[in-house]
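The lines below spell out each chain.
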Amino acid sequence: EEAMDGVLFIDEAYSLTNSVNGHSFGQEAVEVLLRTMDNKRGRFVLIVAGYPDNMNEFLESNPGLQSRFDRTLEFKDYSDEELFRIAVKMLNAEKMYLDDPAELYLRNYMKHLVLTRDKYFGNAREVRKLVGEVIRNQNLRMAGIPAKDRSPEALETVILDDVDDFVVKPVVKRPVVGFKTQKA
């Protein structure tokens, strides 16, 4: 009812149709949504979001569900440069700035994240967690320095020690098993 004449946004909507121990109140919620979409047509916008594969299963979970959504938008994952810019923006919002070695390391780490991501990669959510760890690392490092020795610049600066525990592991390409090459 609160969404009438507005927007109802349901993130991870597929969780509504995942039953636990055979009991799914989510399925009941889906049925209420379907009725409301029909009975209050034009009164609200319903946006459902989630990972593509899971959302396909969600839309297929009820025969009338897919036909009621007339648009599908797929958002591409961010590039390593975009992830880096998001991290910098979040750090800057906390009045923290990367020195050159920390910047280079973080750029390389973002490349690593993009190369090793899977279909459940959290994009900016991953960056938000990473920035939280960077800030914590920097705060712990500052706590180890006597207050009289902490300059305003040092309190704002993220250095390599604050980011180098994010390990960039080499990407290993595994050979295809089960195929033999034969000489002609």
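Conventions used here
Counting from 1, residues in each chain are numbered in the order their sequence is written. Residues qualify for local features only when their pLDDT is at least 70, as the model is predicted, and side-chain atom pairs are given and counted only at 80 or more; totals for whole chains, interfaces and linings, by contrast, use all residues. Calculated side-chain values reflect all of the structure's heavy atoms, with hydrogen atoms and water omitted. By definition, any uninterrupted DSSP run of H or I lasting at least four residues is a helix, any uninterrupted run of E lasting at least two residues is a strand, and each is numbered from the N terminus. Working rule for helices: expected span equals 1.5 Å times residues minus one. A contact between two residues is defined here by any heavy atoms of the two lying within 4.5 Å. The classification of residues rests on relative accessible area computed with a 1.4 Å probe and restricted to protein chains. Under 20% of the type maximum is buried, over 50% is exposed, and intermediate values are partly exposed. Definition of nonpolar core: a set of buried residues of the types Ala, Val, Leu, Ile, Met, Phe, Trp, Tyr and Cys, connected through side-chain atoms within 4.5 Å. Here, axes are lines fitted to C-alpha atoms. For helices the fit covers the stretch in contact, and angles between N-to-C directions go from 0 to 180 degrees. Each angle is binned into one of four classes, with values under 35 degrees roughly parallel, values over 145 roughly antiparallel, values of 65 to 115 roughly perpendicular, and all other values oblique. Handedness of each helix crossing follows the sense of rotation of the near helix against the far helix: counterclockwise by less than a right angle gives left-handed, clockwise gives right-handed. Each residue gets one label: Ala, Val, Leu, Ile, Met, Phe, Trp, Tyr, Cys and Pro are nonpolar, Asp, Glu, Lys and Arg are charged, and the others, such as Gly, are polar. Any two rings among Phe, Tyr and Trp, with Trp reduced to its six-membered ring, count as a pair given centres within 6.5 Å; such a pair is stacked if its planes are under 30 degrees apart, edge-to-face if over 60, and tilted if neither.

Asker: Before we move on, could you go through helix 1 (residues 25-39) and cite the residues and values that matter?
Answerer: Between its first and last C-alpha, helix 1 extends 21 Å over 15 residues, near the 21 Å set by a 1.5 Å rise per residue. Buried residues belonging to helix 1 abut strand 1 (6-11), strand 2 (44-49) and helix 2 (52-60).

Asker: I'd like to hear about unusual backbone geometry, residue by residue, with values.
Answerer: Residues other than glycine seldom take positive phi values, yet D5 does so here, at roughly 65°. Structurally, D5 is set in the segment before strand 1. For D5, a relative accessible area of 62% gives the class exposed. Located in the positive-phi region is E12, a residue other than glycine, with phi close to 50°.

Asker: Help me get a handle on the nonpolar core, residues and values and all.
Answerer: One finds L91, L106, M110 and V158 to be the most contacted residues of the largest nonpolar core, which totals 22 residues. If you look at the next biggest cluster of nonpolar residues, it comprises 18 residues, including M4, I10, A13 and L46.

Asker: So what's going on with the packing of helix 3 (residues 80-93) against helix 5 (residues 124-143)? Which residues, and what values?
Answerer: Interaxial distance between helix 3 and helix 5 falls to 9 Å at its minimum, and their mutual angle equals 45°. With respect to helix 5, the axis of helix 3 lies oblique. In this structure, helix 3 meets helix 5 at a crossing whose hand is right-handed. The segment helix 3 lies against helix 5, with L83, I86, A87, M90 and L91 engaging A124, V127, R128, V131, V134 and I135. Per-class residue counts for the contact of helix 3 with helix 5 are 10 nonpolar, no polar and one charged.

Asker: Quick one: what's the story with the packing of aromatic side chains, residue by residue and with numbers?
Answerer: What describes a pair of aromatic rings is the distance from one ring centre to the other and the angle between the planes of the rings. In the structure shown here, the tally under the stated rule is one aromatic pair. Seen from their ring centres, Y109 and F166 are 5.5 Å apart, and the 40° between their planes marks the pair as tilted. Of this pair, Y109 sits in helix 4 (residues 100-116) while F166 sits in the segment after helix 7 (160-163), and the two are 57 residues apart along the sequence. What makes Y109 buried here is its relative accessible area of 13%.

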